[in-house]
Amino acid sequence: NAAQAASAEEAEARALEFSGEKAVIEKEPPKWFKPSGNLSPDLAAITKYSHNAVTVETNALSDGVLVLNDMFYPGWKAYVDGEAALIYRVNGLVRGVFVKKGAHTAVFRYSPASFKAGALLSFLAVLACLAIGSGKIRI
């Protein structure tokens, strides 16, 4: 089950009220999500964990939020069954994705745009240095 809050601070405060029974999110849940009231624990297992990727296998007993108790931080991307999924800040602190009832594979990957921009600029700088070093460009 999910409840909605207006900010990370409010989500964190409200999460303490629910003692783990609800995930408090800051954005609207997906349109397909209909809370069921089912609070029975779903089955989930982390099958891969590294500094820039986490894979979770889950068998959800109802539509809900799969919460990964890792810090919410920009640059993470999520995929559920290979399809891009929106990452929600849950309880003002951690990240989660909505999943439908049934078996799913959720993959979280850290791929910040700043890293890609830095890599491109570094590549262009190396090309410029090579061009200057070869004498093709004069300063």
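Residues numbered from 1 in each chain as written. Predicted model: local features only at pLDDT ≥ 70, side-chain atom pairs only at ≥ 80, totals over all residues. Heavy atoms only, no water.

(A) Summary view of the pattern of salt bridges. Tallied over the entire structure, the rule returns 2 salt bridges. Ionic pairing is found between arginine 89 and glutamate 26, a salt bridge with its closest N-O pair at 2.7 Å. Of this pair, arginine 89 sits in strand 8 (residues 88-90) while glutamate 26 sits in the loop between strand 2 (23-25) and strand 3 (43-50), and the two are 63 residues apart along the sequence. Owing to a relative accessible area of 22%, glutamate 26 belongs among the partly exposed residues under this scheme. When the shortest N-O distance is used, the salt bridge between aspartate 70 and arginine 95 registers 3.6 Å. Taken together, the positions of aspartate 70 in strand 5 (residues 64-71) and arginine 95 in strand 9 (residues 94-99) put the pair 25 residues apart, joining distant regions of the chain. When sorted by exposure, aspartate 70 lands in the same class as arginine 95, which is buried. (Salt bridge = Lys/Arg side-chain N within 4 Å of Asp/Glu carboxyl O. Helix = DSSP H or I, 4+ residues; strand = E, 2+ residues; numbered from the N terminus. Buried < 20%, exposed > 50% of the residue type's maximum accessible area, 1.4 Å probe, protein only.)

(B) Main features of the nonpolar core. In terms of nonpolar packing, the biggest core is built from 13 residues, with Leu66, Ile87, Val97, Val99, Ala106 and Phe108 touching the most fellow members. Counting only elements with at least two residues in this core, the list comes to strand 4 (53-60), strand 5, strand 6 (76-80), strand 9 and strand 10 (102-110). Those residues in contact with valine 97, other than ones at most four positions away along the chain, are Gly64, Val65, Leu66, Ala78, Val80, Ala85, Leu86, Ile87, Ala106 and Phe108. Ala23, Ile25, Val65 and Val90 belong to the second largest nonpolar core, which has 8 residues in total. (Core = buried A, V, L, I, M, F, W, Y, C linked by side-chain atoms within 4.5 Å. Contact = heavy atoms within 4.5 Å.)

(C) A look at the packing of aromatic side chains. Considering all chains together, one arrives at 6 aromatic pairs under this definition. Arranged with centres 6.5 Å apart and planes meeting at 80°, the rings of tryptophan 32 and phenylalanine 33 form a pair that is edge-to-face. Exposure remark for tryptophan 32: the relative accessible area of 30% places this residue in the partly exposed category. Classification of phenylalanine 33 by relative accessible area gives buried; the value is 6%. Taking 6.4 Å as the distance between ring centres and 45° as the angle between the ring planes, the aromatic pair formed by tyrosine 73 and tyrosine 110 counts as tilted. Placement of the pair is tyrosine 73 in the loop between strand 5 and strand 6 and tyrosine 110 in strand 10, with a sequence separation of 37 residues. Assessed through its relative accessible area of 32%, tyrosine 110 is described here as partly exposed. Taken together, Trp32, Phe33, Tyr88 and Phe98 form an aromatic cluster joined through their ring pairs. (Phe/Tyr/Trp six-rings, centres within 6.5 Å; stacked < 30°, edge-to-face > 60°.)

(D) Looking closely at the side chain of threonine 55. Along the chain, the position of threonine 55 falls in strand 4. The contact partners of threonine 55, leaving out residues within four places of it in the chain, are Ala45, Ile46, Thr47, Lys48, Thr105, Ala106 and Val107.

(E) Main features of the environment of glutamine 4. Among the structural elements, glutamine 4 can be located in strand 1 (residues 2-4). Under the relative-accessibility criterion, glutamine 4 is labelled partly exposed at 35%. Distance from glutamine 4 to isoleucine 25, taken between C-alpha atoms, is 4.9 Å for residues 21 residues apart in sequence. Residues in contact with glutamine 4, not counting those within four places in the same chain, are Arg14, Ile25, Glu26, Lys27, Glu28 and Pro29.

(F) Structural context of the sheet that holds strand 7 (residues 83-85). In spatial order, the strands read 3-4-10-6-7; together these 5 strands make up an open sheet with antiparallel pairing. Because the sheet does not close on itself, it has two edges, and the strands there are strand 3 and strand 7. Adjacent strand axes in the sheet meet at a mean angle of 25° when their direction is disregarded. Summarising the sheet, strand 6 and strand 10 pair through 5 bridges and their orientation is antiparallel. Across the sheet, the residue bridging to lysine 77 is arginine 109, located in strand 10. (Pairing = 2+ DSSP bridges. Axes fitted to C-alpha atoms, helices over the stretch in contact; angles between N-to-C directions.)

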